[in-house]
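# Coordinates in review
Each chain, letter by letter, is given below.
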Amino acid sequence: MTRLNRTVHMLGALGSFAFTATRLGALGILAFTAATLGAQEACRGIECVFHHAALPTVPRSTQPPFATQRSGEVATLRLLDACVQRGVKRVIYAASSSLYGDSPALPRVETAVPAPLSPYAVSKLASQHYLRAYAHCHGLDTLALIYFNVFGPRQDPDSPYAAVIARFLNEM
């Protein structure tokens, strides 16, 4: 069982969550939403969707970039359309601080001008624009959470994406 599968199983055991792997993109990228398979069916009777699906990592997004686009903004657009069709009230989206590029300005703030430097960052930014458009055009309540150096107790300290906190704790 993968780390993601263990986490999904643990959340499902809490009783107030139901998770199903839903294919949103042509590549089989999985989005965990409540209900059954298919974006339209996954949104039936659902009030809020937490959209965390993406083809992860900046290096992977460059080869090929089309896979990142299909699993990013295309999949997000499909999900948003299904949400509107099924009457979902709110979509919470996992955005990324990668959309700010390599700006030397610290601290990084959400009001900074986006400067994406990879297909992954472009895809995340485009998805945020789709959220804003669906909020404006369809009244869908949307929220983008822009993650900056996320840390958790099961984070792999040897991962190239591990925050410094995980590395410090590993040395203790």
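Everything numeric in this text was worked out from a predicted model, so none of it was measured.

## A short note on the overall build of the chain
A count of helical and extended segments in the chain gives 6 helices and 5 strands. Counting helices and strands in the order they occur from the N terminus, the chain gives α-β-β-α-β-α-α-β-α-β-α. A total of 172 residues make up the chain; the buried ones form 33% of that total.

## Structural notes on the pairing of strand 5 (residues 141–147)
Sheet analysis places strand 4 (residues 90–96) next to strand 5, joined by 7 bridges and oriented parallel. The residue of strand 5 that forms the bridge with Arg90 is Asp141. You can see the chain leave strand 4, run along helix 5 (residues 119–138) and come back into strand 5, and the turn it takes is right-handed.

## What to know about helix 4 (residues 65–86)
Over its 22 residues, helix 4 runs 31 Å from end to end, which matches the ideal 32 Å to within 8%, given 1.5 Å per residue. A maximum bend of about 30° is found in helix 4 at Ala75. Taken together, the buried positions of helix 4 are Ala67, Thr68, Ser71, Gly72, Glu73, Ala75, Thr76, Leu79, Leu80, Ala82 and Cys83. Considering only its buried residues, helix 4 is in contact with helix 2 (39–42), strand 3 (48–51), helix 3 (58–61), strand 4 and helix 5. Of the residues flanking the end of helix 4, it is Gly87, one or two places downstream, whose phi is positive at about 80°.

## Some remarks on empty space enclosed by the protein
Rolling a probe over the atoms, with the probe sized like a water molecule, indicates the empty space that remains. Applying the stated criterion to the full structure yields 1 cavity of 30 Å³ or more. Here the largest cavity defines a volume of roughly 40 Å³. For the largest cavity, the full set of lining residues is Ala54, Leu55, Thr68, Ser71, Gly72, Tyr93, Tyr120, Ser123 and Lys124. Taken together, the elements giving at least two residues each to the lining of the largest cavity come down to helix 4 and helix 5.

Calculation criteria
- Residues numbered from 1 in each chain as written.
- Predicted model: local features only at pLDDT ≥ 70, side-chain atom pairs only at ≥ 80, totals over all residues.
- Heavy atoms only, no water.
- Helix = DSSP H or I, 4+ residues; strand = E, 2+ residues; numbered from the N terminus.
- Buried < 20%, exposed > 50% of the residue type's maximum accessible area, 1.4 Å probe, protein only.
- Pairing = 2+ DSSP bridges.
- Right-handed = clockwise from strand over helix to strand, strands pointing away.
- Expected span 1.5 Å × (residues − 1).
- Bend = angle between axes of the 7 residues up to and from the residue.
- Contact = heavy atoms within 4.5 Å.
- 1 Å grid on protein atoms, 1.4 Å probe; cavity = no way out; pocket = protein on both sides within 12 Å on 5 of 7 lines; lining within 4 Å.
- Points joined across faces, edges and corners; volume = space filled by probe spheres on them.

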